[in-house]
Amino acid sequence: MALLQLSEPGQSTAPHQHRLAVGIDLGTTNSLVATVRSGEAATLPDSQGHHSVPSVVRYSKDRICVGHAAAEHSITDPKNTIVSVKRFMGRGVDDLQVLGKKLPYDFVATDSAVPRIHTAHGDVSATEVSSEILKYMKARAVSALGDELMGAVITVPAYFDDAQRQATKDAARLADINVLRLLNEPTAAAVAYGLDSGQEGVIAIYDLGGGTFDISILRLNKGVFEVLATGGDSALGGDDFDHKIAEWILQQAGVDAATTELDASTVRLLMQQARAAKEALSSVEQVEINVSNTSLNWQGSLSRAQMNDLLDALIKQTILACRRTLRDADVVIENIQQVVMVGGSTRVLRVREKVAEFFACEPLVSIDPDKVVAVGAALQADVLAGNKPGEEMLLLDIIPLSLGLETMGGLVEKIIHRNTPIPVAKAQDFTTYKDGQTAMAIHVVQGERDLVTDCRSLARFDLCGFPPHVAGAARIRVTFQIDADGLLMVSAREQNSGVEASVDVRPSYGLSDNEIETMLRDSMAHAEDDMQTRSLREQQVEGERVLAALDAALTADGKTLLSADERATIDVARAELINMNSKDDADAIKAAIKQVEASCEAFVARRMNSSIKQAMRGHSIDEYATHHEE
Ligand code: ADP
Ligand code: MG
């Protein structure tokens, strides 16, 4: 999947008007909001100085609360306190049946595909829960900045599919936030470090949050970020670090976790202490831990070295995921120019060490890893809001999706590939498929997939009235031209006769970024399928061509040049090819074509002979006649 840093045209404003736009990192564990003030992007704190807002919403009978106040109830009131709602975004009832087994929530059976959670405040969907978090972030921005919000850039994981992105947009709409752009989290982190204006190359974004680990490999080319691969583990994060430490504490306290049932408040205390110890060990060598209540009582200390031993196996899992993802991206470690650290858990020094060791370079950590995504989103929001005139058009100068033509078998022949800078003109020659063809339908499509049905149709026109040729002899040159405004003109010309036709099309009209991203994601997800489908369609077209040629030959010479036996053999091979051509096995079609060719070998030779003979006969008769007359 690829993310394109494109700007909507017509969004620039007069330079003196500063428009209030924010970046929102809508995280699984924590959310943040940031904005650019006096040229500096910074996250906005609440009155107590907290920048991160726990992504937790509690629904009580008469009120909804968000953030720290809600998080305090996650253990005492789990059914009404929704945590990690991001995991359910854009998910259907079926997906949740898998996820839901381990969750404390009461899911409500609904007629619609969107699952709802039953709470004291009524039934709520993931989109609604998310919108409460967004409303909270918006309120923080408005109270800190004292102005109406013009719009927001909201970040989403690079792997989010269309439904998940759409659900995020819907949540923003419910919160009455104008979405300037959904930005991929790793891209936002890269933007925060200014890598978008730096040198071209491949970068890795290592994002270890509270409950998820994401590794993304991006390629930066001419200001455009392309996501080469994403990987990670959706069930690995700082919470697992906390669990390891909590287990260790129980062990030290002589409590057998397997047999002892701890009450909710003890679990909460234990987890809080474990987390506090972990976070403290990011800056000190040793911490004192004190867990004491009526059912558990332990005091002791934990050193950083001891914690490292507890966490190493988990950290190793993230490194293995990095290795896999590099392989998926077809990139070797030496190609990685920068590694960006994202997520609160990358503050754990051991994590930084292991990442540096694996990538053989010092990762970028100068921007607070909790805030880096929100900061990047804020920078992008500032540009999109039109506060930086001149910058917003910069990245428009490429075509976001490939443009091509439909060819036989419903396949797409790409003429201009995506990310090609504009203006550009490219031409390609095509030919006719049938004898005597005097017209050709031209179908212009946009997209990365191999089949026309999976791409977007842009325009159709006919090139008519060129003189008939035998199949394959006409030369039709199709030219695609895109001007600096992104307008496409397609023209076709039959080279022998000079017959021409053309049409103007607007290639990106009506396609949102989202649709573009979806199309790109699909093309990556289906690359393998598409290759198979393409080779199948190509074989089917070839099969049809062979059958048409065979039938023409049989009609012309089948009776005179073939014995009954020979004819029977050919008919068997022909029937087999017809049969195979209707199925979906390219190799079988290929084999059937071979079989037809083999069965026809003698027939083809005889036809050739007879046509040569005929030609010579005609010739010699003429010559003979002429000779006679002389
Ligand atoms: P998410 O992207 O999932 O919303 P964050 O990036 O906010 O999550 O990361 C939250 C995680 O970061 C929590 O597990 C938290 O304990 C951990 N974390 C925060 N600060 C520190 C620190 N100083 N040292 C170690 N871990 C930390
Ligand atoms: Mg995050």
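Residues numbered from 1 in each chain as written. Chains lettered and ligands numbered in written order. Predicted model: local features only at pLDDT ≥ 70, side-chain atom pairs only at ≥ 80, totals over all residues. Heavy atoms only, no water.

### Focus on helix H6 (residues 238-252)
The end-to-end C-alpha distance of H6 is 21 Å, a good match for the 21 Å that 15 residues give at a rise of 1.5 Å each. Looking only at H6, the buried set comprises Gly 238, Phe 241, Asp 242, Ile 245, Ala 246, Trp 248, Ile 249 and Leu 250. Those residues of H6 that are buried lie in contact with strand E13 (201-208), helix H7 (264-280), strand E16 (286-292), strand E17 (297-303), helix H8 (304-329) and helix H9 (349-359). Trailing H6 by a residue or two, Gly 254 shows a phi angle of about 75°, which is positive. (Helix = DSSP H or I, 4+ residues; strand = E, 2+ residues; numbered from the N terminus. Expected span 1.5 Å × (residues − 1). Buried < 20%, exposed > 50% of the residue type's maximum accessible area, 1.4 Å probe, protein only. Contact = heavy atoms within 4.5 Å.)

### Thoughts on the site of ligand 1
Around ligand 1 there are 17 residues in total, and Thr 29, Asn 30, Lys 278, Glu 279 and Ser 282 lie nearest to it. Taking Asn 30, its side chain carries an N or O atom lying 2.8 Å from an oxygen atom of ligand 1. Relative to its unbound accessible area of 580 Å², ligand 1 is 90% covered by the protein chains. Going through the elements one at a time, H6 and H7 are the ones with two or more residues in the shell around ligand 1. The element that contributes the greatest number of residues to the shell around ligand 1 is H7, accounting for 3 residues. Along the lines of polarity and charge, the residues of the shell around ligand 1 split into 1 nonpolar, 11 polar and 5 charged. (Near = heavy atom within 4 Å. Polar contact = N/O pair within 3.5 Å; in protein donor to acceptor, adjacent residues only side chain to side chain. Areas by Shrake-Rupley, 256 points an atom, 1.4 Å probe, with all protein chains shown as cover. Nonpolar A, V, L, I, M, F, W, Y, C, P; charged D, E, K, R; others polar.)

### A few points about the pairing of E16
Of the two faces of E16, only one is covered, namely that formed by Val 287, Ile 289 and Val 291; the face formed by Gln 286, Glu 288, Asn 290 and Ser 292 stays uncovered. In terms of strand pairing, E16 meets E17 through 7 bridges, oriented antiparallel. Looking across to E17, one finds that Val 291 is bridged to Trp 298. (Pairing = 2+ DSSP bridges.)

### Things to note about the pattern of salt bridges
Counted under the stated rule, the structure contains 27 salt bridges. A salt bridge links Asp 176 to Lys 138; the nearest nitrogen and oxygen atoms lie 3.9 Å apart. On the criterion of sequence distance, the pair formed by Asp 176 in the loop between helix H4 (162-174) and strand E12 (179-184) and Lys 138 in helix H3 (residues 126-145) is long-range, its members being 38 residues apart. Residue Asp 571 is joined to Arg 567 by a salt bridge in which the shortest nitrogen-to-oxygen separation is 3.2 Å. In this pair, Asp 571 and Arg 567 are both assigned in helix H13 (residues 564-581), 4 residues apart and thus about one turn of the helix distant. The class of Arg 567 is partly exposed, set by a relative accessible area of 30%. Taken together, the shared-partner salt bridges connect Arg 347, Asp 368, Asp 370 and Lys 371 into one network. (Salt bridge = Lys/Arg side-chain N within 4 Å of Asp/Glu carboxyl O.)

### Structural notes on the sheet that holds strand E22 (residues 437-446)
Across the sheet, which stays open at both edges, the 4 strands sit in the order E20-E19-E22-E23 with antiparallel pairing between neighbours. Only two strands of the sheet have a single neighbouring strand rather than two, namely strand E20 (411-416) and strand E23 (456-469). Within the sheet, the average angular offset between the axes of one strand and its neighbour, ignoring direction, is 30°. In the sheet, strand E19 (residues 403-407) pairs with E20 via 5 bridges, with the strands oriented antiparallel. Bridging across to E20, Glu 406 finds its partner in Val 412. (Axes fitted to C-alpha atoms, helices over the stretch in contact; angles between N-to-C directions.)

### Looking at unusual backbone geometry
The phi angle at Asp 176 is positive, at roughly 60°, despite the residue not being glycine. On the basis of relative accessibility, which here comes to 60%, the residue Asp 176 falls in the exposed class. Of note in the backbone geometry, Asp 330 takes a positive phi value of approximately 60° without being a glycine. Relative to the helices and strands, Asp 330 resides in the loop between H8 and strand E18 (336-342). What makes Asp 330 exposed here is its relative accessible area of 70%.

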